[in-house]
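# A closer look at the structure
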Amino acid sequence: MSTVTLHKVCKTFGEGKLAVHALRDIDLEVGNGDFVCLSGPSGSGKTTLLNMIGGLDRPTSGEITVANQRVDQMDKGELAEIRLRNIGFVFQAYNLIPVLSARENVEFVMQLQGIPPEIRHQKSKEILAEVGLNGMEDRKPAELSGGQQQRVAVARALVSEPALILADEPTANLDSVTAEKLVELLRHLNDEHGITFVISTHDKMVMGHARRLLKMHDGKIIDDIQQR
Amino acid sequence: MMKRTLPLLATLGWRNLWRHPKRTFVILFAITLGVWFMVISAGMMVGIIEQQVRDTIFNLTGHAQIHNPEYRDDPAIEHSMPPPTPAMLEILNSPKVKQWSSRVRLPAVVMSERESRGVTLVGIDPKHEQGLSLIGEPVVEGRALESIDDDGIVIGRRMAEKLETRVGKRIVVMSQNKNKEVADRGFRIVGLYRAELESTETAYVFTGRKTAQKLLGLNDDLSEIALITYSRDGLEPLVASLRQAAPTLETKSWKELEPLMVSALKVYDNFMIIWYLIIFGAMAFGLTNTMLMAIFERTREIGLFQALGMRPRYIVGQVLMETFILLLIGVALGNLTGWFTSDVIFADGIDLTEFARGMESFQMSSIMRFQLEARDLITINLMVIVLGLLASLYPALKAARYVPVEAITRT
Ligand SMILES: Nc1ncnc2c1ncn2[C@@H]1O[C@H](COP(=O)(O)OP(=O)(O)OP(=O)(O)O)[C@@H](O)[C@H]1O
Ligand SMILES: [Mg+2]
């Protein structure tokens, strides 16, 4: 069983002479519970690929399936729904809603899902503890360090138990020690909860933790390495 | 689903407002000022209108009148009516009627030693006019009429000046009797009355009803019966029952007796709506701009909402909720300050005596009181909130149309 399937996916920005082919005929399957790293030079199409899978943008052509649903054919509302239920996002920065505390940020998704308050509180407490943020539940994002903010974002992505978490350079703004801790956390969550991760990175350390390493260049996947 | 999300939207809305306290205060001030202005202008308008209606009703009109059907076209002696029948009396004396009175009311000429003037001679029953018409009010000089056969005369203060006469002096009243002959008689001026309008003071002179009937050879015949009820609301059915009891006579409510007044009221109503819309227009401009600025600043965040799976309609809901909270606070403050202005600061009304002198023809009385009506407050508040939400619909829809990738990648 695969969580994500891409078939001949192309993405072109602009037209004619100015056209940028960000993705060229990508075929890809990501298995359930895998931990995939996307690497490649700047501009090779990593972010674009993640955005396509997460339905934040539409492919120019090709088919994308996430959790057995055709993402490329969905309208805005349906995309919102599948993101809410099946996909968690972690971005490079500005992941959190500034006016909400760490706990409220984690509960945000559950609130949209209509989960009752008691269960929400229980779960957010557990998950924040799991990512090592005991006692910081009520801090606003501005009162947390970059690493702590990323942990909150991970906790939020995780809490609704999605089939898939997409992370675009989640460690780029962190020092190496904090970055390593975060990746270990992600890997741990992958081992424990069986959640599928697709992560883009420039960081060798992060690539070292991947089960599967994809190398991109100029909109194509040029290498596909199974690691552990 | 929407219900579960409402607390979340409210939390976001409330906290977002205080991200830029200064900006929020500015727009709150604008909304408050706008609502305050609408509230006091409504209060002022209603105050003036109510005063006019009360003056009109008090000006011998009452809430309803019964006449000979010809009388209103031609208030001549031959268009008198007989005294009320038992069927009419039963209704007139019922608890719905607060006060009723029968009158003789006919054109006449009054003459002093120096001047003569055309007037309306009104023969009244003083006890029954109390609280019904202006003649029930205290007389400013001399005494009031005391009984139905009082043979003194009470004239307006201004009339006394015109006739160059005063209390204690005699004047002659001349009119036509039932047989179309000249009837005249000397009266001693026993008192002077004052009215809201000077024109009233020169229009009517009052004597006892029996005295007038005798002078004009009317026996028990009358010119009119006037009545007031406890509230203006139950008037129509009462008028209908009187029409049934006296089919040969004409019974009319004040709205029919004073059609000009009624159409003036309608004009005021329409004018107020236009007035509200003008004030609101200025307010809406500020509101739309503020919300546009807010969503522009939060583009990234809105992209994040979308990435996290917030449906477009909740993004619309979030912006509307924020506006709603803003409007609610502004409307509450506007009402509060409006109430404070009208019922505390100017609780005794504003004295316009100087101003009113020049406005006699506009029929304004000299003390203006604010009158806040629930109906007007509801109109204002509903209008501001509903139209305010509409004004923020544009920014809200704009936010929902953001494309997630573009919103998120914008720095
Ligand atoms: N909205 C856009 N409009 C036009 N071109 C775009 C747009 N987004 C991305 N591109 C182009 O698509 C290509 C792939 O960009 P992408 O952001 O996916 O690269 P990346 O691998 O994530 O790079 P980085 O490592 O720097 O984040 C680049 O050439 C980029 O300039
Ligand atoms: Mg990128």
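Residues numbered from 1 in each chain as written. Chains lettered and ligands numbered in written order. Predicted model: local features only at pLDDT ≥ 70, side-chain atom pairs only at ≥ 80, totals over all residues. Heavy atoms only, no water.

Of the residues lining the interface, 27 residues belong to chain B; the matching set on chain A comes to 28 residues. Each partner contributes to the roughly 2,500 Å² buried at the junction of chain B and chain A, and carbon and sulfur atoms together form 66% of this total. Between chain B and chain A we count 2 salt bridges in total. Here Glu81(A) makes a salt bridge to Arg311(B), at a shortest N to O gap of 2.9 Å. For the side of chain B that touches chain A, the secondary-structure elements that each account for two or more residues are helix 1 (2-17), helix 11 (299-307) and helix 16 (404-409) of chain B. Per-class residue counts for the side of chain B that touches chain A are 15 nonpolar, 5 polar and 7 charged. (Contact = heavy atoms within 4.5 Å. Buried area = accessible area lost by both parts, 1.4 Å probe. Salt bridge = Lys/Arg side-chain N within 4 Å of Asp/Glu carboxyl O. Helix = DSSP H or I, 4+ residues; strand = E, 2+ residues; numbered from the N terminus. Nonpolar A, V, L, I, M, F, W, Y, C, P; charged D, E, K, R; others polar.)

Once that is clear, we can look at the sheet that holds strand 4 (residues 61-66) of chain A. All names here are of chain A. Across the sheet, 4 strands lie side by side as 2-1-4-5; this open sheet has antiparallel pairing. Only two strands of the sheet have a single neighbouring strand rather than two, namely strand 2 (20-31) and strand 5 (69-70). Here 8 bridges tie strand 1 (residues 2-13) to strand 2, and the two strands are oriented antiparallel to one another. If you follow threonine 12 over to strand 2, its bridge partner there is histidine 21. Across the face of the sheet, helix 1 (residues 46-53) comes into contact with strand 1, strand 2 and strand 4 while running at roughly 120° to strand 1. (Pairing = 2+ DSSP bridges. Axes fitted to C-alpha atoms, helices over the stretch in contact; angles between N-to-C directions.)

Residues and elements named next belong to chain A. It is at 9 Å that the axes of helix 3 (residues 102-113) and helix 4 (residues 117-130) come closest, and there the two elements cross at 125°. On the basis of the axis angle, helix 3 is oblique to helix 4. Read as a crossing pair, helix 3 and helix 4 show a hand that is right-handed. Every residue of helix 4 that contacts helix 3 at Ala102, Arg103, Val106, Glu107, Met110 and Gln111 is listed here: Arg120, His121, Lys123, Ser124, Ile127 and Leu128. Of the residues in the contact of helix 3 with helix 4, the class split is 5 nonpolar, 3 polar and 4 charged. (Parallel < 35°, antiparallel > 145°, perpendicular 65-115°, else oblique. Left-handed = near helix turned anticlockwise from the far one by under 90°.)

For chain B, the domain assignment lists domain 1 (2-56 + 261-409) and domain 2 (64-231). Its C-alpha centre places domain 1 of chain B at a distance of 51 Å from the equivalent point of domain 2 of chain B. (Domains from an automatic or database assignment.)

For a regular strand, side chains alternate in direction, first toward one face of the sheet and then toward the other. Residues and elements named next belong to chain A. Burial analysis of strand 3 (residues 35-39) places 5 of its 5 residues in the buried class, the great majority of the element. Side chains of strand 3 alternate between two faces, with Phe35, Cys37 and Ser39 and Val36 and Leu38 buried alike. Summarising the sheet, strand 3 and strand 8 (residues 196-200) pair through 4 bridges and their orientation is parallel. The residue of strand 8 that forms the bridge with phenylalanine 35 is phenylalanine 197. Inspection of the sheet shows strand 3 paired to strand 9 (residues 212-217) by 4 bridges, in the parallel sense. The residue bridging leucine 38 from the neighbouring strand is leucine 214, located in strand 9. (Buried < 20%, exposed > 50% of the residue type's maximum accessible area, 1.4 Å probe, protein only.)

The next thing to look at is a nonpolar patch on the surface. Residue and element names in this part refer to chain B. Side chains of Leu336, Trp339, Phe340, Val344, Ile345 and Phe346 sit close together on the surface and give an oily, nonpolar patch of about 570 Å² of accessible area. For leucine 336, the position within the fold is in helix 12 (residues 312-345). Residue classification places leucine 336 among the exposed positions, given a relative accessible area of 54%. (Patch = residues over 30% accessible without salt bridge, like charges linked within 9 Å, V, L, I, M, F, W, Y side chains within 5 Å. Areas by Shrake-Rupley, 256 points an atom, 1.4 Å probe, with all protein chains shown as cover.)

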